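Here's the letter readout for the chains.
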Number of protein chains: 2
Amino acid sequence: MKLATYKDGTRDGQLVVVSRDLGTAHYATGIATRMQQALDDWGFIAPQLQDLCETLNHGKARHAFPFDPALCMAPLPRAYQRLSGTAYASQAETDLAVYQAASDQLLGAHDHLVCANENLGLDFSAEIAVITGDVAMGASVDDALEGIRLVMLSNDLTLRHVAPSVQSQPTAAFSPVAVTLDELGDAWDNGCVHLTVQVAWNGRKVGMCDAGTDMTYHFGQLVAYASKTRALRAGTVVSSGTVRNAGVEKAGKKEWPKGYSAIAEKRAIETILDGQAATEFMKFGDTIRIEAKGKDGQSVFGAIDQEVTPLKA
Amino acid sequence: MKLATYKDGTRDGQLVVVSRDLGTAHYATGIATRMQQALDDWGFIAPQLQDLCETLNHGKARHAFPFDPALCMAPLPRAYQRLSGTAYASQAETDLAVYQAASDQLLGAHDHLVCANENLGLDFSAEIAVITGDVAMGASVDDALEGIRLVMLSNDLTLRHVAPSVQSQPTAAFSPVAVTLDELGDAWDNGCVHLTVQVAWNGRKVGMCDAGTDMTYHFGQLVAYASKTRALRAGTVVSSGTVRNAGVEKAGKKEWPKGYSAIAEKRAIETILDGQAATEFMKFGDTIRIEAKGKDGQSVFGAIDQEVTPLKA
């Protein structure tokens, strides 16, 4: 099933179920009003949401309405925990690392990227993110995989000109909808999402990386790592880190044929090839669009589509 | 006023108001059932809680019951964000740093410190913590101070034998009650809490540090630092870092007359004085008690009183 959270002026929004083709939606009122409620009591609530979703997919839901991704908050608008991994790090380069990240205000897919200052080096990062249920302390990789409830796309923001700190990682935005694993079909395989993450910056396609092929540490490993010394509670968001495909040797020269999912990646390539980075970070008015399509060509999670804007006085 | 959260089998518990002397309590039902609710709508809800608290303090609340700190969850049992500062770092040593910390399950004052393994180097850390309301991006230090709603004691846990990571900072425990600034009277001064934090490890008094005198960066500075590039949302917990008093020179030798608030501090002193650390970290069965008393000798926040226990299979 596909779930989203509609803006309603509150901090948590209203839970809605969304049809497979993202065409229609239906309030989940009567089952659960907030996403966290569903996560807190998943075993009881998820089957009811699933039933409503099926009715909606069959065009038989009585109060269905056209789904508008611009009205979405993050599927989980504020989370009790967000963890950010380095799943695409080459194992030779670095061990798995998982960082605690801000989760008090996660951005909706069309929310502006509000930045105090254009010169902070605002960078996007196209990532896959999951939301877990309760995961016990010391969970195995298999237990950890069992604990994964929902999958989303994420744009994890970094201010590259700010020293690494809570100041440099302001927040992240998420796709309009979060989907259950069964909704991904074959694309979900052993903790990896085999979908191409399309990234368009100012309307220009810059990234077409496959999220599955080069994932060094899959989501089961990320979640198990994080739960080694403590339980994770329902509603923990775990992000993959920047989706990246390995470079290939071509005529003795390294090439990155799939493009990039973060400007920092592009700059790193420029530095290798040309001795210095030429591409600048995002400016006010820049747009970033992140989307993934299934085999049928349809958008799986809806698109993240954001614009960088200054902080209003 | 003084607020606490009573265990009721749910993830968020039941909000109660507590009398100044910690003798009696009263459910806040009818005003707010959960602490986060009160924080989300503080301007509207706090005055009503305040009224109930006054009635309780005057012995006139009709359904008052004896307050039992053993039944308390953390005042905010799960938070959308926890930030951990280094407020007692000597400015010469290091700049202010604020870290994102786990907040999906904050421990109650009498909850066991469940540890997977006795050899992980479990260390306590006696700290002051605040809970904020909404704080705007780019808040001044004064704005940040205005945003502070409640003050608590905290025991922030670290596994010293685990490499610094999400694995080494499992969670934190909090005093039974959280108090508003007015409740602290003169002890709250410009973002510092002028109270002695008493630490007893296995019944032996090991720390008597004053939380006010050597706070290099006060809470207004911590909160302003954290909100430099993003807004902080209501319910953000900010911890001070280990409460510490500066050492003094005595007969040419440095001494730490106020004791220590974390075992790592004691070990650092041993290393300076003797060339190596002798004190071991906590073991199963160890107890840790953290409390602060007002001028009148009464416990301000109630005591954190925990025992280290193994993970049950």
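Up top is the structure.
As the structure is a computational prediction, the values presented were derived from the model and not from experiment.

### Observations concerning the overall build of chain A
Part 1: Along its length, chain A carries six helices and 23 strands.
Part 2: In summary, chain A has a C-alpha radius of gyration of 19 Å against a globular reference of 20 Å for 313 residues, a match within 12%.
Part 3: Projecting the C-alpha coordinates of chain A onto the three principal axes gives extents of approximately 60 × 45 × 40 Å.
Part 4: Taken over 313 residues, chain A has a buried fraction of 57%.
Part 5: Sequence-distant contacts, at least 24 apart, represent 70% of the contacts inside chain A between residues at least 6 apart.

### Quick look at the relation of the copies chain B and chain A
Part 1: Turning chain B through 180 degrees and shifting it by 0.0 Å along the axis lays it on chain A, with an RMSD of 0.0 Å. Both copies of the chain, as the preceding transformation shows, are related through a two-fold rotation axis. No C-alpha of chain B approaches the rotation axis more nearly than that of B:Tyr80, which lies at 2.2 Å.
Part 2: Comparing contact sets, 100% of the residues at the interface of chain B also lie at the interface in chain A, consistent with an isologous, same-surface contact.

### What to know about the pattern of salt bridges
Part 1: Going through the model one piece at a time under the given rule, you end up with 32 salt bridges over all chains.
Part 2: One salt bridge in this structure joins A:Arg289 and A:Glu291, with 2.9 Å as the shortest N-O distance.
Part 3: Judged by its relative accessible area of 34%, A:Arg289 falls in the partly exposed class.
Part 4: For the salt bridge of B:Glu270 with B:Lys266, the shortest nitrogen-to-oxygen distance reads 3.9 Å. In this pair, B:Glu270 and B:Lys266 are both assigned in helix α6 (residues 263-274), four residues apart and thus about one turn of the helix distant.
Part 5: The exposure class assigned to B:Glu270 is buried, which follows from its relative accessible area of 9%.
Part 6: Classification of B:Lys266 by relative accessible area gives partly exposed; the value is 27%.
Part 7: Within this structure, A:Arg11, A:Asp12, A:Arg78, B:Asp40, B:Asp134 and B:Arg233 form a network of salt bridges that share partners.

### Regarding the interface of chain B and chain A
Part 1: Between chain B and chain A, the contact holds 39 residues from the first and 39 residues from the second.
Part 2: Each partner contributes to the roughly 3,500 Å² buried at the junction of chain B and chain A, and carbon and sulfur atoms together form 50% of this total.
Part 3: Considering only the surface of chain B that becomes buried against chain A, B:Arg11, B:Tyr80 and B:Val166 emerge as the three largest contributors, covering 24% of it.
Part 4: For B:Arg230, the salt bridge goes to A:Asp104, with nearest N and O atoms at 3.9 Å.
Part 5: For the pair chain B and chain A, the number of links is 19 residue pairs in polar contact (both at pLDDT 80 or more).
Part 6: Looking at the side of chain B that touches chain A, the elements that each hand over two or more residues are α1 (35-40), β6 (81-85), β7 (98-101) and α5 (219-226) of chain B.
Part 7: Top element by residues in the side of chain B that touches chain A is β7(B). It accounts for four residues.
Part 8: By residue class, the composition of the side of chain B that touches chain A is 20 nonpolar, 10 polar and nine charged.

### Remarks on the side chain of B:Asp12
Part 1: Mapped onto the secondary structure, B:Asp12 falls in the loop between β1 (2-6) and β2 (14-18).
Part 2: Side-chain polar atoms of B:Asp12 contact the side chain of B:Arg78, separated by 2.9 Å.

### Focus: the packing of aromatic side chains
Part 1: Enumeration over the complete set of coordinates arrives at 11 aromatic pairs over all chains.
Part 2: An aromatic cluster is present here, built from A:Tyr6, A:Tyr27, A:Phe65 and A:Phe67 joined pairwise through their rings.

### So, the pairing of β6(B)
Residues and elements named next belong to chain B.
Part 1: Counting buried positions along β6 gives five out of five residues, so the element sits mostly inside the fold.
Part 2: Neither face of β6 is exposed, since Gln81, Leu83 and Gly85 on one face and Arg82 and Ser84 on the opposite face are all buried.
Part 3: Two strands pair when backbone bridges link them, and β6 and strand β19 (residues 236-239) are joined in this way by four bridges, in the parallel orientation. In the strand pairing of β19, Gln81 is matched with Thr236.
Part 4: In this structure, β6 lies alongside β7, joined through four bridges in antiparallel fashion. The partner of Ser84 across the bridge, within β7, is Tyr99.

### Comments concerning the side chain of B:Asp210
All names here are of chain B.
Part 1: Take Asp210: it is sitting in strand β18 (residues 204-210).
Part 2: Buried within the structure, Asp210 lacks any salt-bridge partner; its nearest side chain of opposite charge belongs to Lys258, at an N-O separation of 6.0 Å.
Part 3: Among the polar contacts made by the side chain of Asp210, one reaches the main-chain amide nitrogen of Thr213 at a distance of 3.0 Å.
Part 4: Not counting the four nearest positions on each side in its chain, Asp210 is found in contact with His194, Leu195, Thr196, Val243 and Asn245.

### So, the state of the cysteines
Residue and element names in this part refer to chain A.
Part 1: This structure, assessed with the given rule, holds zero disulfides over all chains.
Part 2: Cysteine Cys192 is unpaired, with the sulfur of Cys209 as its nearest cysteine sulfur at 15 Å.
Part 3: We classify Cys192 as buried; its relative accessible area is 9%.

### Some details on the sheet that holds strand β17 (residues 196-201) of chain A
Residues and elements named next belong to chain A.
Part 1: In space, the five strands of this open sheet follow the order β8-β23-β22-β17-β18, with mixed pairing throughout. The sheet is open, and its two borders are formed by β8 (113-115) and β18 (204-210), each paired with just one other strand. For this sheet, the mean angle separating the axes of adjacent strands, direction not counted, is 20 degrees.
Part 2: Two elements, β17 and β18, share six bridges in a ladder whose sense is antiparallel. Bridged to Thr196 within β18 is Asp210.

### Observations concerning the sheet that holds strand β22 (residues 287-292) of chain B
One key point about sheets: their strands pair by backbone hydrogen bonds, in either a parallel or an antiparallel sense.
All names here are of chain B.
Part 1: Pairing in this open sheet of five strands is mixed, and the strands run β8-β23-β22-β17-β18 from one edge to the other. Two strands in the sheet have a free side with no partner beyond their single neighbour: β8 (113-115) and β18. Pairs of neighbouring strands in the sheet enclose a mean axial angle of 20 degrees, with direction left out of account.
Part 2: Note: β8 against strand β23 (residues 304-310), three bridges, orientation parallel. Across the sheet, Cys115 pairs through a bridge with Pro310, a residue of β23.

### Some words on α6(B)
Residues and elements named next belong to chain B.
Part 1: Counted at 1.5 Å a residue, the expected span for α6 with its 12 residues is 16 Å, and the 16 Å between its end C-alpha atoms agrees.
Part 2: Along α6, the residues classified as buried are Ile263, Glu265, Ile269 and Glu270. End-on, the buried residues of α6 take up no more than an arc of 155 degrees, which puts them together on one face.
Part 3: The secondary structure elements touched by the buried residues of α6 are β9 (122-123) and β17 (196-201).
Part 4: Phi for Gly275, located one or two positions after α6, is positive at around 85 degrees.

### Things to note about the pairing of strand β23 (residues 304-310) of chain A
Part 1: In this structure, strand β22 (residues 287-292) of chain A lies alongside β23(A), joined through four bridges in antiparallel fashion. Considered in β23(A), the bridge of A:Thr287 is made with A:Glu307.

Cut-offs and rules
Residues numbered from 1 in each chain as written. Chains lettered and ligands numbered in written order. Predicted model: local features only at pLDDT ≥ 70, side-chain atom pairs only at ≥ 80, totals over all residues. Heavy atoms only, no water. Helix = DSSP H or I, 4+ residues; strand = E, 2+ residues; numbered from the N terminus. Rg over C-alpha atoms; globule rule 2.2 N^0.38 Å. Buried < 20%, exposed > 50% of the residue type's maximum accessible area, 1.4 Å probe, protein only. Contact = heavy atoms within 4.5 Å. Least-squares fit on C-alpha atoms with pLDDT ≥ 70 in both. Salt bridge = Lys/Arg side-chain N within 4 Å of Asp/Glu carboxyl O. Buried area = accessible area lost by both parts, 1.4 Å probe. Polar contact = N/O pair within 3.5 Å; in protein donor to acceptor, adjacent residues only side chain to side chain. Nonpolar A, V, L, I, M, F, W, Y, C, P; charged D, E, K, R; others polar. Phe/Tyr/Trp six-rings, centres within 6.5 Å; stacked < 30°, edge-to-face > 60°. Pairing = 2+ DSSP bridges. Lys, Arg positive; Asp, Glu negative; His and termini not counted. Disulfide = S-S within 2.5 Å. Axes fitted to C-alpha atoms, helices over the stretch in contact; angles between N-to-C directions. Expected span 1.5 Å × (residues − 1). Arc of directions from axis to C-beta.

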